[in-house]
Amino acid sequence: MVHRRRPRPSFFAPSGQSSRYYKHVLIQHELSTEVHAGRLYLAPVTNPRRVLDVGTGTGDWALQFARQNPASSVLGVDVVPVKSAPTEPNCSFCVGDVEEDWQFASGKFDYIYARSLARKFADTRSYLASVYSNLHPGGFAEFQEWITELRCPNSSLEGTALQKWNLGMLQAFKRIGQELDFIHGYPSKLAEAGFVNITERRYPVPVTCWAPGKRLQRIGALMRQNTAVVLEMYSETLFIGVLGWTKEELHTLMHNVRNDLLNNNIHCFAILMTVYCQRPMPLNSSSTKFPVSGTPVSASKAR
Ligand SMILES: C[S@@+](CC[C@H](N)C(=O)[O-])C[C@H]1O[C@@H](n2cnc3c(N)ncnc32)[C@H](O)[C@@H]1O
């Protein structure tokens, strides 16, 4: 178990854990599963014995993984305690800060998963080195984050309140020393850390219901809901607290963003990026000795 040396309040994990925050995490969980075509994870793991969910949040991913893999023992770790008790016998939670401490009494893992931590750690290299050294040789790690800078295949986002809000958020995060789109740099950093079979997937996620087809409409509706929650949750802190806007300026912007979110003529999307990788086997060992197996799934299968 990880022991938390001192509480570290985080902008991204409000200590009060408001119901709005939980709603946001739950929508993101649903979105992620929908975008990955119902899959909880992409790494080609087979019956991993020990699994760690880093920044487990509501614990939903850990619980679902435990349900789908009854032979696995799943541990969810978070700086703040998980609100509900684990409902699966093979799933447990603990409080810990992965920037400080990786002293897990139960030893190494076969699979480490980290989704939507939404914050760049002060020392990414040291974090990835800890992930590497806490995996058994042959074990897999998987990371999933949003690339939040909105893109658009035409000019329909240009000059909108939605674009202004999105760029303002990114600017404010930068000013407080955060870089939201840090997962761009993961593939090269994972290679430096010693990982092999590094596989990345980027999924464009429409922000409203503009994209055709039932599945993309469903995803667009979830993403619109998610963006609306993020708008209410973080705008005041970022625009007034960090960028120095007035309340009136922000309220006008937020009003216009809410309208933009209902406008399916704005064709923008964010990107959900997933990277998985493997700790190499020692040169003289056979992969059958380890509980993880397989080669990376092909792009078509992963989608
Ligand atoms: C946006 S939530 C995502 C929760 C979950 N991974 C999911 O996708 O549903 C991010 C979580 O990461 C946790 N977190 C952030 N920094 C952490 C750290 N250094 N160690 C452990 N957990 C951390 C936060 O407390 C928060 O619960």
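Bear in mind that the values here come from a model prediction, so they are computed numbers and not experimental data.

Q: What should I look at first to understand the nonpolar core in this one?
A: If you look at soluble globular proteins, the nonpolar side chains tend to sit buried side by side. Counting 62 residues, the largest nonpolar core has Tyr111, Ile112, Tyr113 and Ala141 as its most contacted members. When residues of this core are assigned to their parent elements, the largest contribution, seven residues, is made by strand 5 (residues 135-151). Once residues within four sequence positions are removed from consideration, tyrosine 113 is found in contact with Tyr41, Val51, Asp53, Val54, Trp61 and Glu142.

Q: I keep staring at the packing of helix 4 (residues 161-175) against helix 7 (residues 247-261) and nothing clicks. Help me out?
A: When two helices pack together, you describe them by how their axes are tilted relative to each other and by the distance separating the axes. As a packed pair, helix 4 and helix 7 sit with axes 8 Å apart at the nearest point and diverge in direction by 120°. Considered as vectors, helix 4 and helix 7 are oriented oblique to each other. Of the two elements, helix 4 crosses helix 7, and the hand of that crossing is left-handed. Only Leu253, Asn256, Val257, Asp260 and Leu261 of helix 7 make contact with helix 4, whose side of the interface consists of Ala161, Leu162, Lys164 and Trp165. Its residues assigned to classes, the contact of helix 4 with helix 7 comprises six nonpolar, one polar and two charged.

Q: Explanation requested: unusual backbone geometry in the structure shown.
A: Glycine aside, the phi torsion of most residues is negative, and most peptide linkages are trans. In this structure, alanine 37 is a non-glycine residue whose phi angle is positive, near 50°. With respect to the helices, strands and loops of the structure, alanine 37 is situated in the loop between helix 1 (19-35) and strand 1 (50-54). Accessibility expressed as a C-beta count within 10 Å gives 11 for alanine 37, which makes it exposed.

Q: Would you explain helix 1 in this entry?
A: The first and last C-alpha atoms of helix 1 sit 24 Å apart over 17 residues, in line with the 24 Å expected at 1.5 Å per residue. Where helix 1 is buried, its residues meet strand 4 (109-115), strand 5, strand 6 (196-206), helix 6 (214-242) and strand 7 (269-278). Just beyond helix 1, the residue with positive phi is alanine 37, at close to 50°.

Q: Help me understand the environment of serine 133 in this model?
A: Tracing the backbone through its elements, the reader meets serine 133 in helix 3 (residues 124-133). Looking at serine 133, the number of C-beta atoms within 10 Å reads 12, which means it is exposed. Remark: the alpha-carbon pair of serine 133 and alanine 193, spanning 60 residues in sequence, is separated by 9.7 Å.

Q: Is there a simple way to think about the sheet that holds strand 2 (residues 73-78) in this case?
A: Strands pair in a sheet through their backbones, by hydrogen bonds, and they do so in one of two ways: parallel or antiparallel. Read across the sheet, seven strands follow the order 3-2-1-4-5-7-6 without closing on themselves; strand pairing throughout is mixed. Strand pairing shows two members of the sheet lacking a second neighbour, strand 3 (91-95) and strand 6, which therefore form its edges. On average, each strand axis in the sheet is inclined to that of its neighbour by 15°, with strand direction left out of account. Both strand 6 and strand 7 contribute to a ladder of nine bridges, which runs antiparallel. In the sheet register, arginine 201 faces strand 7, and the bridge partner there is threonine 274.

Q: What is the right way to read the pairing of strand 5 from this model?
A: When a strand is regular, its side chains alternate between the sheet's two faces. With twelve of its 17 residues buried, strand 5 lies for the most part within the structure. Where strand 4 and strand 5 come together, six bridges link them in parallel fashion. When the bridges of strand 5 are listed, arginine 115 appears paired with glutamine 144. Remark: the strand 4/helix 3/strand 5 crossover connection has right-handed handedness.

Q: Which parts of the structure should I look at to understand the packing of helix 1 against helix 6?
A: Between helix 1 and helix 6, whose axes approach to 10 Å, the crossing angle comes to 155°. Between helix 1 and helix 6, the crossing angle belongs to the class labelled roughly antiparallel. For the pair helix 1 and helix 6, the crossing hand works out as left-handed. Mapping the contact onto sequence places Arg20, Tyr21, Lys23, His24, Ile27, Gln28, Glu30, Leu31, Glu34 and Val35 in helix 1 and Arg218, Ile219, Leu222, Met223, Gln225, Asn226, Val229, Val230, Glu232 and Met233 in helix 6.

Basis of the calculations
- Residues numbered from 1 in each chain as written.
- Predicted model: local features only at pLDDT ≥ 70, side-chain atom pairs only at ≥ 80, totals over all residues.
- Core = buried A, V, L, I, M, F, W, Y, C linked by C-beta atoms within 7 Å.
- Buried ≥ 20, exposed ≤ 12 C-beta atoms within 10 Å, placed from the backbone.
- Helix = DSSP H or I, 4+ residues; strand = E, 2+ residues; numbered from the N terminus.
- Contact = placed C-beta atoms within 7 Å.
- Axes fitted to C-alpha atoms, helices over the stretch in contact; angles between N-to-C directions.
- Parallel < 35°, antiparallel > 145°, perpendicular 65-115°, else oblique.
- Left-handed = near helix turned anticlockwise from the far one by under 90°.
- Nonpolar A, V, L, I, M, F, W, Y, C, P; charged D, E, K, R; others polar.
- Expected span 1.5 Å × (residues − 1).
- Pairing = 2+ DSSP bridges.
- Right-handed = clockwise from strand over helix to strand, strands pointing away.

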